[in-house]
Amino acid sequence: SGSSRPGGPGGAGGSAGRDADELAYARLDAEVGRVGADVAAGRLDARRAVARIAMSAPGRLDLLDRVIEAERRLHGSRLGASAAVLDLLVAARRVVAGEVSLVGPSGVRVQQAQRGGTPGSRHPVLLLRHRDGPVRECGSVDELSRLVDLSALTVDPPTEAPTSS
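These remarks concern the structure in this document.

1. Details of the packing of helix H1 (residues 16-40) against helix H2 (residues 46-55)
The interhelical angle for the contact between H1 and H2, taken along N-to-C directions, is 170 degrees, at an axis separation of 10 Å. Overall, the two elements H1 and H2 adopt an arrangement that is roughly antiparallel. Packed against H1, whose contacting residues are Leu28, Glu31, Val32, Arg34, Val35, Asp38 and Val39, the element H2 presents Ala49, Arg52 and Ile53 at the interface.

2. Focus on the nonpolar core
Counting residues in hydrophobic clusters, the biggest one holds 35 residues, and the most contacted among them are Leu28, Ile53, Leu89, Leu102 and Leu144. Those elements that place two or more of their residues in this core are H1, H2, helix H3 (61-77), helix H4 (83-96), strand S3 (123-129) and helix H5 (141-145). Beyond its immediate chain neighbours, meaning those up to four positions away, Leu89 contacts Val32, Ile53, Leu64, Val67, Ile68 and Glu71.

3. Points about the pattern of salt bridges
Under the definition given, this model contains twelve salt bridges. Here Arg52 and Glu31 are joined by a salt bridge, their closest N and O atoms 2.9 Å apart. One end of the pair, Arg52, is in helix H2; the other, Glu31, is in helix H1, with 21 residues separating them in the sequence. Overall, the relative accessible area of 12% leaves Glu31 in the buried class. Connected via shared salt-bridge partners are Glu31, Arg34, Asp38, Arg43 and Arg52.

Basis of the calculations
Residues numbered from 1 in each chain as written. Predicted model: local features only at pLDDT ≥ 70, side-chain atom pairs only at ≥ 80, totals over all residues. Heavy atoms only, no water. Axes fitted to C-alpha atoms, helices over the stretch in contact; angles between N-to-C directions. Helix = DSSP H or I, 4+ residues; strand = E, 2+ residues; numbered from the N terminus. Parallel < 35°, antiparallel > 145°, perpendicular 65-115°, else oblique. Contact = heavy atoms within 4.5 Å. Core = buried A, V, L, I, M, F, W, Y, C linked by side-chain atoms within 4.5 Å. Buried < 20%, exposed > 50% of the residue type's maximum accessible area, 1.4 Å probe, protein only. Salt bridge = Lys/Arg side-chain N within 4 Å of Asp/Glu carboxyl O.

The following block contains the structure:
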């Protein structure tokens, strides 16, 4: 699925940063394909799927936006992209943007955030909070995985707002 998507990797390279971005995009695109297939086959529920996608792109809204755009083009042309995959991607984008947390057993919460003062010096961090404990900053998914079982994380279900009568 990776190189066949519009806007996918395979360009004529350039700087090392651009090459790294293309590799990161290809990895994310492949993970989205695997997650989408697992959801379609009933091997993975949507909340865990969103968590897997979000953890595949910490701090990389740019990459998620590229994959979302490619999926929208595929969906529009009926080449196999599904509305379900788009829904997963949009939900994962909210996690990466820090709007929604991931939750795990025993009250663990993971939220993505950005640290640093100026836009050029900002970097993603994963904030880990146990039920009533202090917040721990993790600089990478690998570091977080040493502290919590990533496969147990799910997207925090939205809470219903009280309705006025």
